[in-house]
Amino acid sequence: MESHLAVLPPIAAVWLAAGLVADGLPRLANARAVRRHSGWLLGLVLSGLALTATVLVAGLLGTGDTPADRAAAALDMTAVPALIVAVCTVRRVRRLWAGAGAFAAAPGTPAPYGLRAAAAHPLIVLPLQVTALLTVAGMIAASGGDRFNAPGVTGPAITAGALGILAVGVRHALRHNRLAERARAPETASTRASRPLHV
(Lines give C-alpha, C1' and ligand atoms only; values in the text may rest on other atoms or scores of the structure.)
Protein backbone atom coordinates (compact mmCIF):
# COMPACT_ATOMS: atom_id res chain seq x y z
CA MET A 1 0.00 0.00 0.00
CA GLU A 2 1.26 3.44 -0.92
CA SER A 3 2.15 5.68 1.98
CA HIS A 4 -0.54 8.29 1.24
CA LEU A 5 -3.20 5.56 1.19
CA ALA A 6 -2.03 4.25 4.57
CA VAL A 7 -2.91 7.61 6.15
CA LEU A 8 -6.49 7.80 4.86
CA PRO A 9 -8.20 4.70 6.38
CA PRO A 10 -7.58 5.74 10.03
CA ILE A 11 -9.00 9.21 9.31
CA ALA A 12 -12.03 7.71 7.58
CA ALA A 13 -12.51 5.28 10.47
CA VAL A 14 -12.49 8.12 13.04
CA TRP A 15 -15.07 10.14 11.08
CA LEU A 16 -17.27 7.08 10.50
CA ALA A 17 -17.16 6.22 14.20
CA ALA A 18 -18.06 9.84 15.09
CA GLY A 19 -21.00 9.75 12.68
CA LEU A 20 -22.29 6.49 14.14
CA VAL A 21 -21.95 7.67 17.76
CA ALA A 22 -23.69 10.96 16.93
CA ASP A 23 -26.51 9.15 15.15
CA GLY A 24 -27.15 6.97 18.20
CA LEU A 25 -27.15 9.77 20.80
CA PRO A 26 -30.86 10.72 20.50
CA ARG A 27 -31.89 7.09 21.03
CA LEU A 28 -30.26 6.92 24.46
CA ALA A 29 -32.88 7.02 27.21
CA ASN A 30 -30.45 7.42 30.13
CA ALA A 31 -28.80 10.76 30.97
CA ARG A 32 -25.58 9.10 32.14
CA ALA A 33 -25.34 7.24 28.83
CA VAL A 34 -25.86 10.49 26.92
CA ARG A 35 -23.01 12.09 28.89
CA ARG A 36 -20.70 9.12 28.34
CA HIS A 37 -21.42 8.88 24.61
CA SER A 38 -21.19 12.63 24.09
CA GLY A 39 -17.75 12.51 25.76
CA TRP A 40 -16.70 9.76 23.35
CA LEU A 41 -18.09 11.82 20.48
CA LEU A 42 -16.14 14.89 21.54
CA GLY A 43 -12.93 12.86 21.63
CA LEU A 44 -13.62 11.36 18.18
CA VAL A 45 -14.46 14.75 16.68
CA LEU A 46 -11.32 16.41 18.04
CA SER A 47 -9.22 13.46 16.82
CA GLY A 48 -10.79 13.62 13.36
CA LEU A 49 -10.21 17.36 13.13
CA ALA A 50 -6.60 17.03 14.27
CA LEU A 51 -5.83 14.22 11.79
CA THR A 52 -7.56 15.96 8.88
CA ALA A 53 -5.89 19.30 9.61
CA THR A 54 -2.48 17.63 9.89
CA VAL A 55 -2.82 15.99 6.47
CA LEU A 56 -4.16 19.15 4.80
CA VAL A 57 -1.43 21.36 6.29
CA ALA A 58 1.24 18.82 5.31
CA GLY A 59 -0.13 18.91 1.77
CA LEU A 60 0.02 22.71 1.70
CA LEU A 61 3.61 22.73 2.93
CA GLY A 62 4.70 19.94 0.60
CA THR A 63 6.27 20.58 -2.77
CA GLY A 64 5.69 18.46 -5.83
CA ASP A 65 3.88 15.14 -6.04
CA THR A 66 4.72 13.82 -2.57
CA PRO A 67 2.64 11.32 -0.59
CA ALA A 68 1.51 14.19 1.66
CA ASP A 69 0.25 16.09 -1.41
CA ARG A 70 -1.67 13.06 -2.67
CA ALA A 71 -3.22 12.42 0.77
CA ALA A 72 -4.22 16.08 1.06
CA ALA A 73 -5.74 16.00 -2.42
CA ALA A 74 -7.90 13.05 -1.36
CA LEU A 75 -9.19 15.12 1.57
CA ASP A 76 -9.81 18.34 -0.37
CA MET A 77 -13.59 17.86 -0.36
CA THR A 78 -13.52 17.16 3.38
CA ALA A 79 -12.16 20.59 4.28
CA VAL A 80 -15.47 22.50 4.18
CA PRO A 81 -17.60 20.05 6.24
CA ALA A 82 -14.69 19.61 8.67
CA LEU A 83 -14.62 23.40 9.12
CA ILE A 84 -18.37 23.34 9.86
CA VAL A 85 -17.71 20.60 12.41
CA ALA A 86 -15.01 22.72 14.04
CA VAL A 87 -17.18 25.86 14.14
CA CYS A 88 -20.64 24.44 14.97
CA THR A 89 -20.52 20.81 16.03
CA VAL A 90 -17.76 20.95 18.65
CA ARG A 91 -19.52 23.72 20.58
CA ARG A 92 -22.86 21.89 20.51
CA VAL A 93 -21.32 18.59 21.62
CA ARG A 94 -19.55 20.31 24.53
CA ARG A 95 -22.83 21.93 25.60
CA LEU A 96 -24.59 18.57 25.28
CA TRP A 97 -21.92 16.87 27.41
CA ALA A 98 -22.19 19.57 30.08
CA GLY A 99 -25.99 19.51 29.99
CA ALA A 100 -26.10 15.74 30.36
CA GLY A 101 -23.82 16.06 33.39
CA ALA A 102 -26.51 18.05 35.18
CA PHE A 103 -28.92 15.11 34.87
CA ALA A 104 -26.44 12.25 35.28
CA ALA A 105 -25.88 12.45 39.06
CA ALA A 106 -28.23 9.52 39.69
CA PRO A 107 -27.50 6.34 37.70
CA GLY A 108 -31.01 5.75 36.43
CA THR A 109 -32.00 9.31 35.57
CA PRO A 110 -33.88 9.29 32.26
CA ALA A 111 -32.70 11.64 29.55
CA PRO A 112 -35.30 14.40 29.11
CA TYR A 113 -36.65 15.01 25.64
CA GLY A 114 -34.96 18.41 25.58
CA LEU A 115 -31.56 16.77 26.01
CA ARG A 116 -32.35 14.19 23.35
CA ALA A 117 -33.57 16.93 21.01
CA ALA A 118 -30.26 18.75 21.50
CA ALA A 119 -28.43 15.50 20.70
CA ALA A 120 -30.49 15.12 17.52
CA HIS A 121 -29.75 18.63 16.24
CA PRO A 122 -28.78 18.47 12.54
CA LEU A 123 -25.70 20.65 13.16
CA ILE A 124 -24.29 17.84 15.31
CA VAL A 125 -25.04 14.80 13.20
CA LEU A 126 -25.14 16.01 9.60
CA PRO A 127 -21.70 17.68 9.34
CA LEU A 128 -20.08 14.61 10.90
CA GLN A 129 -21.77 12.20 8.52
CA VAL A 130 -21.05 14.39 5.48
CA THR A 131 -17.39 14.60 6.53
CA ALA A 132 -17.26 10.82 6.92
CA LEU A 133 -18.91 10.29 3.52
CA LEU A 134 -16.54 12.65 1.72
CA THR A 135 -13.51 11.17 3.47
CA VAL A 136 -14.48 7.68 2.33
CA ALA A 137 -15.20 8.98 -1.18
CA GLY A 138 -11.79 10.67 -1.31
CA MET A 139 -10.09 7.51 -0.10
CA ILE A 140 -11.85 5.41 -2.75
CA ALA A 141 -10.98 7.92 -5.46
CA ALA A 142 -7.33 7.99 -4.34
CA SER A 143 -7.07 4.22 -4.41
CA GLY A 144 -8.93 3.81 -7.71
CA GLY A 145 -6.78 5.97 -9.93
CA ASP A 146 -8.61 7.59 -12.85
CA ARG A 147 -11.52 5.14 -12.96
CA PHE A 148 -13.73 7.44 -10.88
CA ASN A 149 -12.83 10.60 -12.83
CA ALA A 150 -14.57 9.53 -16.01
CA PRO A 151 -17.46 11.85 -17.01
CA GLY A 152 -19.89 8.94 -17.13
CA VAL A 153 -19.12 8.04 -13.51
CA THR A 154 -18.47 11.38 -11.83
CA GLY A 155 -21.81 13.02 -12.67
CA PRO A 156 -24.08 10.23 -11.37
CA ALA A 157 -21.86 9.76 -8.31
CA ILE A 158 -22.12 13.47 -7.39
CA THR A 159 -25.89 13.43 -7.95
CA ALA A 160 -26.36 10.30 -5.84
CA GLY A 161 -24.17 11.74 -3.10
CA ALA A 162 -26.07 15.05 -3.05
CA LEU A 163 -29.44 13.27 -2.90
CA GLY A 164 -28.15 11.02 -0.11
CA ILE A 165 -26.93 14.02 1.91
CA LEU A 166 -30.29 15.76 1.38
CA ALA A 167 -32.19 12.67 2.56
CA VAL A 168 -29.98 12.34 5.65
CA GLY A 169 -30.44 16.04 6.44
CA VAL A 170 -34.24 15.77 6.17
CA ARG A 171 -34.22 12.69 8.42
CA HIS A 172 -32.20 14.47 11.12
CA ALA A 173 -34.35 17.61 10.92
CA LEU A 174 -37.56 15.58 11.33
CA ARG A 175 -36.15 13.64 14.26
CA HIS A 176 -34.96 16.82 15.96
CA ASN A 177 -38.37 18.49 15.48
CA ARG A 178 -40.21 15.45 16.84
CA LEU A 179 -38.10 15.35 20.00
CA ALA A 180 -38.32 19.13 20.44
CA GLU A 181 -42.12 18.97 20.23
CA ARG A 182 -42.17 16.23 22.88
CA ALA A 183 -39.92 18.37 25.08
CA ARG A 184 -42.35 21.29 24.80
CA ALA A 185 -45.52 19.20 25.28
CA PRO A 186 -45.44 18.86 29.12
CA GLU A 187 -44.66 22.56 29.51
CA THR A 188 -47.59 23.45 27.26
CA ALA A 189 -49.94 21.16 29.18
CA SER A 190 -48.91 22.62 32.54
CA THR A 191 -49.26 26.14 31.21
CA ARG A 192 -52.79 25.42 30.05
CA ALA A 193 -53.67 23.81 33.36
CA SER A 194 -52.48 26.87 35.26
CA ARG A 195 -54.64 29.28 33.27
CA PRO A 196 -57.80 30.52 35.08
CA LEU A 197 -61.12 29.42 33.67
CA HIS A 198 -63.32 32.18 32.30
CA VAL A 199 -67.05 31.61 32.54
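Residues numbered from 1 in each chain as written. Predicted model: local features only at pLDDT ≥ 70, side-chain atom pairs only at ≥ 80, totals over all residues. Heavy atoms only, no water.

A. Expanded view of the overall build of the chain. If you tally the helices and strands in the chain, you get seven helices and zero strands. Along its sequence from the N terminus, the chain presents helices and strands in the succession α-α-α-α-α-α-α. Put simply, the chain has 199 residues, and 36% of those count as buried. Counted over contacts in the chain with a minimum sequence separation of 6, partners at least 24 positions apart contribute 80%. Of the roughly 11000 Å² of accessible surface on the chain, a fraction of 69% belongs to carbon and sulfur atoms. (Helix = DSSP H or I, 4+ residues; strand = E, 2+ residues; numbered from the N terminus. Buried < 20%, exposed > 50% of the residue type's maximum accessible area, 1.4 Å probe, protein only. Contact = heavy atoms within 4.5 Å. Areas by Shrake-Rupley, 256 points an atom, 1.4 Å probe, with all protein chains shown as cover.)

B. Spotlight on the confidence of the model for the chain. Confidence in the prediction for the chain averages 81 pLDDT; 84% of positions are at 70 or higher. Across residues 187-199, where pLDDT falls below 50, the model places zero contacts with residues more than four positions away in sequence or in other chains. (pLDDT = per-residue confidence, 0-100.)

C. Main features of the packing of helix α2 (residues 31-61) against helix α4 (residues 79-103). For the pair α2 and α4, the least separation of the axes is 9 Å and the interaxial angle reads 155 degrees. The pairing of α2 with α4 is recorded here as roughly antiparallel in orientation. Crossing hand, α2 versus α4: left-handed. Looking at side-chain class alone, the contact of α2 with α4 contains 19 nonpolar, three polar and two charged residues. (Axes fitted to C-alpha atoms, helices over the stretch in contact; angles between N-to-C directions. Parallel < 35°, antiparallel > 145°, perpendicular 65-115°, else oblique. Left-handed = near helix turned anticlockwise from the far one by under 90°. Nonpolar A, V, L, I, M, F, W, Y, C, P; charged D, E, K, R; others polar.)

D. Region of the structure containing the environment of Q129. You can see Q129 is positioned in helix α6 (residues 122-143). Measuring from C-alpha to C-alpha, the distance between Q129 and P81 comes to 9.2 Å, with 48 residues separating the pair along the chain. With near-sequence residues (within four places) excluded, Q129 lies in contact with G19, D23, V168 and H172.

E. Layout of the environment of V80. Looking at the secondary structure, you find V80 in helix α4. For V80, a relative accessible area of 55% translates into the label exposed. Each C-alpha atom of the pair V80 and T131 lies 8.5 Å from the other, and the pair is 51 residues apart in sequence.

F. Highlighting α6. With 22 residues, α6 extends 31 Å from end C-alpha to end C-alpha; this agrees with the ideal 32 Å at 1.5 Å per step. Within the span of α6, buried status applies to P122, I124, V125, P127, L128, V130, T131, A132, L134, T135 and G138. (Expected span 1.5 Å × (residues − 1).)

G. Local environment of the packing of α4 against α6. Between α4 and α6, the shortest axis-to-axis distance is 9 Å and the interhelical angle comes to 145 degrees. Crossing handedness for the pair α4 and α6: left-handed. Residues P81, A82, I84, V85, T89, R92 and V93 of α4 pack against L123, I124, P127, L128, V130, T131 and L134 of α6. Tallied by class, residues from the contact of α4 with α6 come to 11 nonpolar, two polar and one charged.

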